[in-house]
Structure formats: C-alpha cells, structure tokens
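Listed below are the residues making up each chain.
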Amino acid sequence: MSVESGHAAGAHERSHPTVRQYLLIGLLLTLITVVELIASYSDLGSLLIPILFVLSAVKFAVVIAYFMHLRFEDALLTRIFVVGFVLASAILISLLALFWTDGAISNR
Amino acid sequence: MATAAGALAPPAVQAPSGVWSWLTTVDHKRIGTLYGISGMSFFVLGGIEALLIRSQLAVPNGDVVDADRFNALFSMHALTMIFLGVMPLGAAFFNWLVPLMIGARDVAFPRLNALSYWFFLAGALMLNASWLPGDAPDTGWFAYAPLTEAPFSTGRAMDFYTVSLIILGTSSLIASLNFIVTIINLRAPGLTMFRLPVFVWMTMIVSWLLVLSLPVLTVGLVQLYFDRNFTTNFFIQEGGGDPILWQHIFWIFGHPEVYVLILPAMGIVSEVLPTFARKPLFGYAAVVFAGVAIAVLGFAVWSHHMFTTGLGPVPRVVFSATTMTIAVPTGVKIFNWLGTLYGGNIRFTTSMYFAVAFIATFTIGGISGVMHASPPIDSQQQDTYFIVAHLHYVLFGGAIMGIFSGIYYWFPKFTGRFLSESIGKLHFWLFFIGMNLTFFPMHFLGVSGMPRRIYTYDAGFGWETWNFVATVGAFTIAAGMLTFIWNFFRSLREEPNAPDNPWDAPTLEWATSSPPPEHDFDAVPLVRARDPLWHDRDNGLAQPEADPNEHIHLPPPSYYPLLIAVGFALMGIGALSHLAVLALGVVVVVYGVWGWVLEPTGPEPAAGAH
Amino acid sequence: MAEAAHAPSHAAGAPHSATGIDSRKLLMWIFLASECLFFGALISTYLIFKGDIPFPPASFIADHLHGGEVTGWFPSDRIGPDGTEYAGVLNIPVTSASTFVLLMSSVAMVLAVFGAQNGRPKMMKTWLFATMLLGILFLGFQVFEFHEFGAEGLNLSTNQFGASFFVLTGFHGAHVTVGVLMLGSILIGSMRRTGLGPDSGFHVETVGLYWHFVDVVWIVIFTIIYLIPA
C-alpha cells in the first residue's frame, strides 16, 4: 500500500454522477421494483426465485455502487464491503444447508 | 524524558495526574494501562474461581461448594477469563503498542478508544454484579438452550449474561473498528503493510475477526433475551424453535473468538523471539499469511463444537476437513518460530522463557485440538476433561504465557522500570510447572471418562489421583501469580531510568523514551525497512530530527466517552429491571453523543479525533 | 459555503492518511461490513424457519376465525389439508408502497449529499428534510403494519414466522429510526450560524452511507419476506 502524505485530492474521485443521473437511477430502481411485483403475482413457477434474486441483486448493486459512491471510491473500500457481504452470504448459505436437509428442520 | 535525538524537541508536557485525568483520558497509553490493570484484576478473579473449582474437585464428594454454586463458578470462570481477562489484556497491548509500532501519536479515533474501555468496564461490572443477587450465569459460558430458557433458568442470571455480553461485544466492536482504521491509515512514512511488525498484523486480524463475528453473537443474544422476556420461541422446541440454532449462532462467533484469544499472544511471541534470539523473525511473510489464513478458516470450522449433536455425516466431514486444515497455518507459525530460534544468539530473559515455553505448551494444546477434529475421536472426547486439557493448554499455555512474555518484555517501555529477572524466573517456573501439573493430568481424566462440569464424583472411578494432582498444580499457579504481583509492585518502587531500547529490539516503540512522552514521538519516524531500528543500526542511519517549532497537537481529554458508557450501562440495567431506567439510559446516551459531536477537539477541525 | 466539487472526502483539515481515504469514511465502510453479518444472521434465522410453519392449534383457529378465514398465522394465503382457509398477513401492495418510499428517500439523500458537496446549502437542507420525511413515512408504514398484524393475531409469540419477522423488521426499523435521528441532527446542525462547518459535505455523505445501507438491507428483506413465496 503506497504512502501519501496528506491529501491526494482528486486521485480517488474519478467522477460524480449528476442530479439527472441520480434521478434516472431512482427511476430504474422504481421500474425494477415494479417488475418484481408483477413477477411475484405472475405464475412463473420455479423461475420466480431466480428472477427475484437477480433483480434484487441489481438494485442492491446499483444503490451501493452509485448512491453510496463505491464505484468511484478507492478499491479498498469495495474490498472491505465485499468481505462482509461475502462472509454473511456464505454463513447464510451454510446455515440453510445445515437446517434444510431433507427439506425440513432436522430437530422437528 | 525526550530522547537524545530530540534534544531540541518541544518540551515534554507533563501528563496530567489525578482521578479525573484518568476518567477523561483519550491517550492510548493510559487507556492501555486501564485495560491492563482491569484485565489483570479480572484474571485474578477468574483464578480465584478456578481455585474454588479445583478445591471442590480435589477429592471425591468434596463439600467446598454445592452444585449450583459450582455451576456458576465454572461458567463465570470461563466468562471472566475470556471476556474480562485475556481479551482486555490483549487490548492493553494493542492500545499501548500499535500507535507506537506504526509511528503514530495515537489511534485514529481517541475518544472512541476511551469509549471502548468504559463500555468494557460497564459490561465487566454488570456481569459480576450478578453474583450479588445470587444470579451469576450458571449454564456454561456457551449458554446452550434450552437450559438457558425461562422454564429452566428461572432467575435473572441469563439476562445478566445477554445484557453484559452485548455491552462487552459493543466495546470490542468499537475498539476493533478503531484499530483497523488506525493500522490502515496512520502508518508513518515508509511503513508499508509488509514492513509492519507481526504484532500489528495480528492486531488487525483479531480486529477483523471481532468486527465480523460479534454481530452474529449479538443476534443470538438478542434472540435469547427475546425468548426469555418477550415470549418468542427461537430456541424452544415446544414453540417451534430449535436449540441447535443457538449452538450454531453461538459458535459462528465462538470459534473466531478463540482465534481472537490466541493471535495477540502469537503476535507478542513473534516480537519477543527475534529480539532475544538476536535475529529477524524467520519467514515473516509466511507468518503473516498464516495469520490471515487462520482468520479466514476460523469462520469455516464452527460446527466442530457440535460433532455430537446429530449434524449428519456431510456436515461432520466438511467441518472435520476444515478443522484439520486450520492446523496447517498454525503449524507454519510454529515452525517459523523454531526457525527464528535456530542459529540465534539466545538471551534467556524471563520474557524469553515465557515465549519459548509458549511454543511448547501451545503446541501440546494444538495436538489435542487436531485429535478433536476427528468426529469419531471427538465422540469420545467431547464433554470430557480431555477438552478441558486442550483448551487450557492453548489458552493458558498459549495466550497467558504469551501475555506474560509480553509483560516482562514491554514493562520497561511502559513504566521505565524493569521487572526483577530473578523473581520473574521464579514466577515462570511456578507457572510452567503449575500449568503442566494442573492440565496434563486432565488428558488422562478425560480418556478415563471424567465428564466436564460435574461438581463432584464418587470414589472408585480412578479419578482421585489426577484430580488431586491437578488441584496441587492450580495452587502452584496461584503461587506463581502471587510471585508476579510481588514482582510488579516491587518493581514499581524503583527509579524509572530504563533506557529507550534496553533489549536492543528492532521495532519503533523502542525508538522513543521509556516510558514515552505524552506525544509518543518527538519526530514522526521514517521507516526504511522491516525491523526499522536494526536496519538503521546496521546501515548507520538516523531517525529524523524533531522540529523544535512544531506544535504537536494532542486531542484534548473528554468526559463524553465515560458519560455515554454510563448511559449504555443504564440501558443495560433497564433491560434487567424497568423500562424507565432504559429510557433514561437512552437520554443520557443521546445527550452524550450530541456533546461529543459538538465538542471542540483542537485547532484543526478533525485532527484524528472523532 | 462553497467547496471544491471534486474532493468531498478530503475536506479542509482531514488528517494524514496513509491511503488517502478519510479515516471516518473508512470507519463507516468497515462498520457497514459488520452490519452485513448482523442482518445476515437475522435473515438466516428467518429463512431457517420460513416454509416450515406448522398449522396452528385448534384454539388459535377458534380465536382467529374472521369471515371464514383464519388470520394472523401464515405470511401468505394458504388452504389447510382439512380445507380451512388461512388469510396471509402480508400486504404486498402496501409494503410495495413503503418500499417505494424508502427507495425515494435514498434518492432524496443522494440529492442532499450533492447539495452539501457542491456548496448549495439550501438544496442540502431541502433534501435532508425530504429524506427525513420519507424515512418517517416508512416508519409509519411499519408501525401500521405491525399494528395490523397484531390485530389479526400475529405477534412475537404466535409462531416462528411472527418471532423472526418482527425481530428482523423491528431491528431494521430501529436502524431507520437511528438514521432519522442522525438526519434530524445534521439538519438542526446545518441551521446554526456556523452550519455544519467546513466539513459539511463529509458529514452529510457519512450519514448518507448509513442511510443507503439501511435501504439496501430493506431491498433484501422485502424480496425475501414479501416477494418470495413460502
């Protein structure tokens, strides 16, 4: 990791979205939510969960990358958040695997 | 107290004295001292609890304490040693050493640092306050459901447990956030990550472990509190819950926690061995990467605490494999320490005795640990004294030996005085002989079937001899502790005239006076290599001169950390008693936060203070 | 107070940092990483119990039979093996509205940060206020929902769905509340003569990070609880 004394003004701020871009992103998030709603009321069978998963993941990523500005920040911050997110996901998946054996909670 | 190099340095400001200055301090050195005194005091308390346990078990059908009191003793012994002993002693070293080792003048957020300490003290006092109404937690430190639930734990012991641990967890979380930011951002010029002392790496790794594991424990504690107080059924089978869920949630925290307990000691030993072998640490990069590997794998092994709960063959195989794997980076470290000693010009100081003994006794604990990693073997060993032997070899033979190595090593730096070497060696031998006498026989007891957590046993099982030996060992350890306390107070009466670097050690904390001035360094060090002082010495280089015109701004003291901790403690007390007290606590916390945010922190708007 | 539009995290007086990242921003991101674990454990608990809610005992059915349907037990509509109809408690249209409100609050937040970082204090204050209002509105929806569920018979002790639902969404709501308090504090602070000081953009941005994260957690919760069927 390189050492810089004081400010490295501008080095990590590659660009900022404009107001217009923020509003467009807000619109995109709304649209995705509408699509999710329609999907949840439609009969998509086993496709529903993957579709919802992907759509929410997109919303999640967009808010983090643009609203929370992570895309334009030092990569270290992204790595830090990813560590937390990946670990939480891995633990969640492990717990579900441990509890959903044979499709039921084992201690019932 | 300025160094020779800083003869023209700004005049050393005498650190303020008096109780109020300690209550409002934001100085990492003072906070380190507070953690150290507290940690050592609670270590003694935990030791007394152990002596009562061992007295009760010395002979069959002992009558020193009854069963209920015994349950509280072994539960509080573990909680005290883990959360109020080893962790704060680690924090004492983090606080004292990390800023000094990275050439900084304090941590990134000094007030947050103070807050961590006061939260710790609040949680520690609350946990021990449970003794007063006779409600000390008595279900083991791991508090398995459903024993901890309302039908079976009818007093408030488990509410003291959940609330105190939430407060203690918050303390550790805040401190960990602080140290990670400090290590990443406050390093001196030239100090790249791979020039950091191993102790600093271990601090960072421990901090990450806590940041990522404590939230999971918090969820479990909240769920247990809700089960007990708001009629949920997270862990109550009759209501549709699952006691095993508690075990998972607890050990997802609990396993990384044991690496939190051992890694600081491993960091200490990684500093002590090179100094007294007079050669650099063997395989620095391997030791660092091994530490990272242990942390990552540490999140993947938790169910090895649950091999006997009916997990099923696939989970057992997976967790067995990950657990055996984690022995590899641990072994890497051990071999690197041996490699450091090999060919070295060894000075056998007391600190070195503890560090070398650490390698031996920790390894013994590691070997029994690898045995537990095999589910079939564990099915015999689980809940027997074999596990007690393992955990005490790694925690006493590991963490405690490492911590005392650090105490003898850094005592001159912290106080300007030396602990007596001759008394220290007596202390060492009492500890070393004592711990082996206490815990080695427990392997035999476990294999011959003695279960854990029994308050007595009948004659005729063949357990009498080793139990008695173990009790003798425990009192030997106690004698060792008294010896240390004698050494400590005796040494404090001496003149503080230790030189800057009495051990000819390589790291930056030895580049300033003993003890350091309030501002740590007269001039911010320039780091050109790993083991900077040896590099400078071997290449005839000097550190930068202090600028006599530089005004070193130190963050001013603040009472808001203490106030917020009082408010948080009130919230905890309210959770155990009345909503009104909880509400008052919230008011105090909010008031304290506002005061903190608005408090001026000096001429520069945000000079490291927040 | 005009500020350089291109360097919001290197405000005047930000201390030395080996990486160039402001220490307070770094602190907030590490904290958010730990919050992933907190909500991950709560969501895990919810998912572990979801889909395995047994049918209620007869006493519950008797007490909660309204208009031919049993209320207050399952998340969504169900017909029991004996033909009993169960009305799910979740109200997706209403919760979609509250989700939309929270999403819009993030848009408002981002505009407040924009105002703060570009020396437009009026814009900042307006949108801070809007964010707060939308956050309070979201909390209002939550309170309404909790009350409705309670009236239908679902509470913490009813079944595992009740326990895990209320604890998960309750803690999320608590986080939103803390966020609203922080927004209010920043807003009040900005109305002082000295405003938020030379670092105003940074303070608003930091609160914004927390606020967006709380929104992001809701995106996950909304999908898992409301959209994915039992």
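Basis of the calculations
- Numbering of residues starts from 1 in each chain and follows the order in which that chain's sequence is written.
- Whichever chain is written first becomes A and whichever ligand is written first becomes 1, with later ones labelled in order.
- A pLDDT threshold of at least 70 governs which residues receive local features in this predicted model, and a stricter bar of 80 or more applies before side-chain atom pairs are shown or counted, although totals over entire chains, interfaces and linings include all residues.
- Water and hydrogen atoms play no part in the side-chain values, which are based on all heavy atoms of the structure.
- In this analysis the probe radius is 1.4 Å and the grid spacing 1 Å, with only protein atoms considered; a cavity is a set of points the probe fits into but cannot get out of, a pocket is an open set with protein on both sides within 12 Å along at least five of seven lines, and lining residues have an atom within 4 Å of a point.
- Grid points are joined across faces, edges and corners, and a volume is the space filled by probe spheres set on the points.
- For helices the rule is a DSSP run of H or I covering at least 4 residues; for strands it is a run of E covering at least 2, with both sets numbered from the N terminus onward.
- What makes two residues a contact is simply this: any of their non-hydrogen atoms within 4.5 Å.
- What counts as buried area is the accessible surface, traced by a 1.4 Å probe, that two parts surrender upon association, with contributions from both included.
- Every case where a carboxyl oxygen of Asp or Glu lies within 4 Å of a side-chain nitrogen of Lys or Arg is listed as a salt bridge.
- Two N or O atoms form a polar contact when they lie within 3.5 Å of each other; inside protein one atom must be a possible hydrogen donor and the other a possible acceptor, and for residues adjacent in sequence the pair counts only when both atoms belong to side chains.
- Classes in brief: Ala, Val, Leu, Ile, Met, Phe, Trp, Tyr, Cys and Pro nonpolar; Asp, Glu, Lys and Arg charged; the others, Gly included, polar.
- One requirement defines pairing of two strands: DSSP has to find at least two bridges between them.
- Only protein chains enter the area calculation, which uses a 1.4 Å probe; residues under 20% of their type maximum are buried, those over 50% are exposed, and those in between are partly exposed.
- Confidence of the predictor at the level of single residues is given by pLDDT, which spans 0 to 100.

(A) Region of interest: empty space enclosed by the protein. Residue and element names in this part refer to chain B. Scanning the entire structure with this criterion turns up seven cavities of 30 Å³ or more. One number sums up the size of the largest cavity: a volume of about 240 Å³. Forming the walls of the largest cavity are 21 residues, and the residues nearest its centre are M87, P88, A91, S172 and L210. Where the lining of the largest cavity is concerned, the elements lending two or more residues are α3 (67–101), α5 (157–185), α6 (198–229) and α7 (243–277). Of the residues forming the lining of the largest cavity, the biggest block, eight residues, is contributed by α3.

(B) Just the interface of chain A and chain C, in detail. Every contact between the two is made by 55 residues of chain A and, on the other side, 56 residues of chain C. Regarding the contact of chain A and chain C, the summed buried area is about 4600 Å², with carbon and sulfur atoms giving 75% of it. With a closest N to O distance of 2.5 Å, K25(C) and E73(A) form a salt bridge. Where chain A meets chain C, there are three residue pairs in polar contact (both at pLDDT 80 or more). Every element with two or more residues in the side of chain A that touches chain C is listed here: α1 (19–41), α2 (48–67) and α3 (75–99) of chain A.

(C) Expanded view of the interface of chain A and chain B. Every contact between the two is made by 15 residues of chain A and, on the other side, 21 residues of chain B. Here chain A meets chain B over a buried area of about 1500 Å², counting both sides, of which 75% is carbon and sulfur. Linking chain A with chain B are zero salt bridges, by the criterion used here. The interface formed by chain A and chain B holds zero residue pairs in polar contact (both at pLDDT 80 or more) in total. Taken together, the residues of the side of chain A that touches chain B sort by class into eleven nonpolar, three polar and one charged.

(D) Looking closely at the sheet that holds strand β2 (residues 69–70) of chain C. Residues and elements named next belong to chain C. Here four strands make up an open sheet; going across it, the order is β1-β2-β4-β3 and the pairing mixed. Only two strands of the sheet have a single neighbouring strand rather than two, namely β1 (65–66) and β3 (78–79). Across two bridges, β3 lies against strand β4 (residues 85–86) in antiparallel orientation. Within β4, the residue paired with I79 across the bridge is E85.

(E) Molecular detail of the pattern of salt bridges. In the structure shown here, the tally under the stated rule is 16 salt bridges over all chains. The partner of D199(C) in a salt bridge is R24(C), and the shortest N-O contact between them spans 2.9 Å. Of this pair, D199(C) sits in the loop between α5 (160–190) and α6 (200–227) while R24(C) sits in helix α1 (residues 23–49), and the two are 175 residues apart along the sequence. Side by side, D199(C) and R24(C) carry an identical accessibility label, which is buried. Each of E73(A), K25(C) and E205(C) takes part in salt bridges that share partners, so that together they form one network.

(F) Representation of the environment of T30(A) in the model. Structurally, T30(A) is set in helix α1. In this structure T30(A) comes out as buried when scored by relative accessible area, which is 17%. Considered as a pair, T30(A) and I51(A) are 21 residues apart in the sequence and their alpha carbons are 16 Å apart. Residues within four places of T30(A) in sequence aside, it is in contact with F100(C) and M104(C).

(G) Highlighting the environment of A163(C). Within the secondary structure, A163(C) sits in helix α5. With 114 residues separating them along the chain, A163(C) and F49(C) place their C-alpha atoms 9.7 Å apart. Contact partners of A163(C), with chain neighbours within four places excluded, come to T232(B), F234(B), N155(C) and L156(C).

(H) Fine view of the confidence of the model for chain B. On average, chain B scores 95 in pLDDT, and the residues at 70 or more come to 96%. Here residues 604–610 of chain B is modelled with pLDDT under 50, and outside its nearest four sequence neighbours on either side it reaches 21 contacts, counting other chains as well.

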